Structure formats: C-alpha cells, structure tokens
Amino acid sequence: MADSYDVIIIGSGAGGGTLAWKLAPSGKRVLLLERGDYLPRERDNWDSTAVFLQAKYTTTEQWLDRHGKSFTPEQNYYVGGNTKFYGAALFRLRPEDFGEITHYGGTSPAWPLSYEDFEPWYAEAERLYHVHGAAGEDPTDGPRSGDFPYPAVRHEPRIQRLSDDLVALGLHPAHLPIGVMLDQGVDGKAVHGSRCIRCDRVDGFPCPVNGKADAQTVCVDPALREHSNLELVTNAHVQRLETSADGRTVTALVASLPDGSETRFVGDLVVVSCGALNSSLLLLRSANEAHPNGLANSSDQLGRNYMRHNNMALMALSEEPNPTVFQKTLVLNDWYHRGEDWEYPWGSIQMLGKSDGEQLRGSAPQALAFLARLAPDAPLDWLAQHAVDFWLSSEDLPHPDSRVTLERDGTVRLSIEDENNTEPLVRLRKKFESMLSHLGMHDVVHHRNVYLHKGLDVSATAHQAGTARFGHDPSSSVLDLHCKAHDLDNLYVVDSSFFVSIGAVNPTLTIIANALRVGDHLVERLG
C-alpha cells in the first residue's frame with residue numbers, strides 16, 4: 001500500500017512551489033512531486049551559447065503544431081519549473097484586465113473575481129518574491145494596500161537617459177517590478193552581502209548564485225528546510241490520475257521513474273501545477289470510463305482557450321555605446337489601455353536583459369544583414385555594445401480552437417489561431433520605431449530571434465495561460481472559484497491554467513498570488 005498524504009502537489013514552479021510553501025506551516029503531510037531534478041549549478045548557467053543556442057536546459061520533447069509540423073516547446077523541467085529561466089518581471093494585472101475589454105480582434109472576457117479580490121495576495125506575493133518597484137509611477141497600476149516591499153532597482157546611466165527622453169516626449173516610463181534578492185547602495189550597485197550581484201544574466205538564464213527570486217529559491221528550499229512534514233520527490237513524471245468508480249475522487253497518482261518503473265502516490269487532496277499546457281495534458285491522459293474526455297472535462301473546455309501573449313523581442317542600436325549591465329529596469333505602459341489615435345488597447349513595452357555577441361551570432365545571418373545596413377565594417381560585438389533591448393507585448397484573446405490536445409498515439413498537438421488580435425502589436429511596434437530617433441537610437445530594429453525563436457512561433461510558451469479557466473458555471477469552465485475541478489471533489493489546478501484572459505503584462509505574479517489565495521482555502525479545508 002502506497003503512503004498516503006494530506007495533499008499532493010504535482011509541479012514545483014510558480015504555482016506548485018508557492019503552494020507548497022504556503023501549506024508547509026500547516027503541519028499537514030504534503031508531498032511535492034517534480035518531473036525533473038534540481039538544475040545543475042555550473043558555468044553554463046550563464047553561457048549564452050549553452051542556454052540559447054544549444055538549448056541545453058530545454059526539454060527535447062517533440063510536439064506538433066496545428067499543421068502537423070514538429071517543434072520543441074520552450075519547457076524547462078526542474079525544481080522551480082519555468083521560473084528558473086524567467087526574467088522575474090512580476091507585474092500585477094491591471095484592474096481593467098479583470099473586466100470585459102473590447103479589443104480590435106475581439107473581446108477579452110471578464111473574470112469571476114476582481115482586482116480588489118486579488119490585491120491582498122498580490123501584496124503577499126510581492127513580499128515573498130522580493131519584488132522591487134516604485135508605486136505611483138505607472139499610471140496603469142491599480143490601487144495598492146502598500147508600497148512595493150523593496151525599492152526599485154535603479155536605472156544605469158543609459159537607461160536613465162532613456163527614461164528622461166521618454167518623459168520629454170510626454171510619456172510615463174516606470175521602474176519595472178522585478179523579483180531579485182538585491183541590496184543596493186545609493187549608486188544602485190549591489191552592496192556586500194547582496195545575493196544578487198546585478199549582472200547581465202537575469203533574463204532567460206538560471207541564476208547559479210540564487211540571486212533571482214524563483215520558486216525553488218524563495219519557496220521550495222526554505223519550506224523543506226523549515227518543515228519536515230513537506231517532502232519533495234524529484235524525477236517523478238506523473239503519467240495519469242486514477243479515480244473512484246463514480247469519478248468524483250482522485251484515488252491515486254501513477255508516476256514513471258528514470259529507470260522506467262512506475263510508482264503510485266495517494267493523497268486526500270491532489271493539486272495539479274504542471275503549467276497550463278502540461279496540466280491539461282495530464283488530465284487529458286487520465287481519461288477513464290467516468291471521464292471519457294479527460295478528467296474535469298465535462299464542459300469540453302479543458303485544453304482550450306490557450307493564451308501566451310503576442311510578443312516581440314527587438315533590439316535597437318544606441319548612437320552611443322550602451323555599457324548597461326543590468327538593463328531590465330524600465331517599462332512603458334502609456335498605450336496599455338488605449339493606442340494612440342485608436343480606440344483599442346495596444347500593450348506594453350519593457351526592457352529585456354542585455355544582449356551579447358554570442359546571442360547575435362546565433363541569429364546570423366539576420367544580425368549580419370542588420371549590421372550591414374548600419375555599420376558594414378563593424379563586427380557583431382560592436383553591435384552588441386550599442387544594443388538596447390526591448391520586449392513588446394500585447395494581449396491575445398482566448399479562443400476555443402487555440403488548444404492543446406493529444407493524438408491517438410499520445411503525441412501532443414498545440415494549435416494556435418494565426419490571427420489572434422495581432423494588429424495591436426503591429427501598431428505598438430510602429431509607434432516604438434517612430435520614437436527611436438528621439439531616444440538617441442537609430443530608427444531601425446533587429447528581431448532578437450535567438451531569445452524568442454521567430455517572433456510569434458508556436459514554440460514560444462513562456463507566458464502560457466488558460467486551458468482550464470475558472471468560473472461559476474460548470475458548463476463553460478473547468479474550475480470553480482477556488483480552482484477546484486467542478487467535476488471532482490478533491491482535484492485542484494493551481495498554475496496559469498485558471499486564467500480567463502491574460503492582459504498584456506507577464507502572468508507570473510498572478511500565478512503566485514492565486515497560489516497563495518488557494519493555499520489559504522486549502523488550509524481552511526484541511527482544518
């Protein structure tokens with residue numbers, strides 16, 4: 001007979017790792033299962049060739065797109081999940097994002113809860129994940145119960161000049177909210193004893209000095225050290241969930257181990273936190289006689305309404321060298337709710353981590369062609385020395401045919417609607433390019449394909465959300481307001497699956513806040 005736990009959490013990322021931290025002090029027996037292992041701490045953690053060009057830490061899985069073409073998804077299976085590689089930009093959704101919004105390409109539906117409902121957990125999430133920021137700078141930010149728990153990461157001189165130039169254009173740049181364990185002096189530099197050393201590797205790289213606030217560093221490891229009732233099992237890939245004959249209760253989890261064997265785990269409550277895509281895949285794989293279309297799928301909404309933002313990574317060239325090291329400190333949301341001379345939202349512009357020569361060599365010949373237009377005799381390293389890197393993001397909309405499914409042989413198919421509110425991103429980019437000459441930059445840009453594959457490629461799954469939306473009505477949603485499956489009494493899904501819409505800012509803080517919110521509910525339910 002397998003050991004029995006009060007709660008089993010599958011997945012240790014922003015949802016599962018945070019939830020484990022929240023439940024650990026309860027004294028209940030909690031098991032955290034992770035498909036992968038701890039990420040090795042090694043020099044390659046900060047090597048552009050290893051991380052981006054060789055994709056050393058990315059899964060080797062092969063999925064199919066809607067046309068049957070094979071691709072490798074941007075998925076990382078380690079303790080801490082995808083937060084090991086995220087850029088730690090931790091935004092709250094805007095209050096308006098929780099309501100119905102009319103976009104150029106359709107309607108973003110209203111959430112069953114409001115910004116005010118989430119605000120207390122947003123505040124707790126910011127404290128837990130060491131979010132640095134400055135309240136009152138961003139006109140789109142919602143009301144806050146208090147200031148950011150940590151002061152904004154200071155701009156370096158070139159980014160401060162960019163901020164000043166944006167202000168001179170009548171715009172409202174703000175310090176980007178970012179989760180790092182940084183203690184900075186009056187000059188912004190990391191002081192002695194700071195875990196974050198303010199390097200140029202924050203965005204897309206794992207942090208071997210544990211200075212980035214990822215789920216392993218701030219939740220999983222501290223909870224394991226402090227609470228013996230929490231257990232972690234790594235390299236346990238959960239293949240399916242089994243249920244009682246009536247289908248109302250998950251009775252066991254079946255996981256495969258590295259040696260090919262299987263093992264079973266039993267828990268009173270089961271929480272699936274594998275990320276929007278893999279959580280749906282697990283539930284679809286768990287189809288049985290009581291749930292022929294997959295667990296929690298009586299609504300036929302499981303796997304549908306997948307969102308991941310319309311994104312674009314761009315590199316502009318500063319007329320003067322850009323010696324910035326920690327570049328990811330600025331965001332511009334002036335057109336978040338309404339574009340210029342347009343009635344619909346555009347989206348958000350934020351800084352990316354600083355590009356380097358290796359990343360540009362990885363995007364050749366595109367980078368070489370870009371260089372030839374501006375400085376034909378200059379090397380790629382010159383291009384990197386003058387680079388200023390930006391991330392443009394606009395909202396894609398939930399669509400029933402944007403979905404993840406399983407083929408008969410178990411192969412994953414990820415289908416995305418080609419034209420899903422893409423016009424706002426086009427307009428945001430044109431506006432961005434029109435401003436460059438006023439910002440001390442050349443008026444052309446280079447796509448940073450090495451960071452984001454090829455623009456809106458299906459493999460770019462970093463901002464995944466949807467697939468198991470929450471709501472009041474079991475006929476149109478998968479989860480209830482506590483993120484419990486409508487169809488089962490002891491099954492929860494706690495990751496980005498529950499999103500009804502995605503807004504245009506990074507989703508991770510909302511995942512964390514929701515995990516804390518559901519954690520409070522589970523503590524109460526457990527007694």
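Scroll up a little and you will see the structure.
Not measured: the values here are computed from a predicted model. (Residues numbered from 1 in each chain as written. Predicted model: local features only at pLDDT ≥ 70, side-chain atom pairs only at ≥ 80, totals over all residues. Heavy atoms only, no water.)

## Points about the overall build of the chain
Tallying secondary structure elements over the chain gives 12 helices and 22 strands in all. Scaling as 2.2 N^0.38, a compact globule of 527 residues should have a C-alpha radius of gyration of about 24 Å, and the chain matches this with 22 Å. By principal-axis analysis of the C-alpha atoms, the chain measures approximately 70 × 50 × 45 Å. Across the 527 residues of the chain, 62% fall into the buried class. A separation of at least 24 residues holds for 72% of the contacts in the chain among residues at least 6 apart in sequence. Of the accessible surface of the chain, which amounts to about 19,600 Å², a share of 48% is contributed by carbon and sulfur atoms. A distance of 2 Å separates the average location of the 47 positive side-chain charges in the chain from that of its 70 negative side-chain charges. (Helix = DSSP H or I, 4+ residues; strand = E, 2+ residues; numbered from the N terminus. Rg over C-alpha atoms; globule rule 2.2 N^0.38 Å. Buried < 20%, exposed > 50% of the residue type's maximum accessible area, 1.4 Å probe, protein only. Contact = heavy atoms within 4.5 Å. Areas by Shrake-Rupley, 256 points an atom, 1.4 Å probe, with all protein chains shown as cover. Lys, Arg positive; Asp, Glu negative; His and termini not counted. Charge placed at Lys NZ, Arg CZ, Asp CG, Glu CD.)

## Quick look at the packing of aromatic side chains
Tallied over the entire structure, the rule returns 22 aromatic pairs. Considering the side-chain rings of Tyr57 and Phe85, the 5.8 Å spacing of their centres and the 40° angle between planes classify their relative orientation as tilted. With Tyr57 in the loop between helix H2 (48–53) and strand E3 (63–65) and Phe85 in the loop between strand E4 (70–71) and strand E5 (101–103), this pair connects stretches of sequence that are 28 residues apart. Phe85 matches Tyr57 in its accessibility class, with the two residues each being buried. With a centroid separation of 6.3 Å and an interplanar angle of 80°, the aromatic rings of Trp63 and Phe71 are classed as edge-to-face. Neither Trp63 nor Phe71 differs from the other in exposure class; each is buried. Every member of this aromatic cluster is reached through a ring pair, and the members are Phe98, Trp111, Tyr115, Phe118, Tyr122, Phe470, Phe498 and Phe499. One residue, Arg29, lies across the ring of Tyr5, its end atom 4.2 Å from the ring centre. (Phe/Tyr/Trp six-rings, centres within 6.5 Å; stacked < 30°, edge-to-face > 60°. Lys NZ or Arg CZ within 6 Å of the ring centre and 35° of its normal.)

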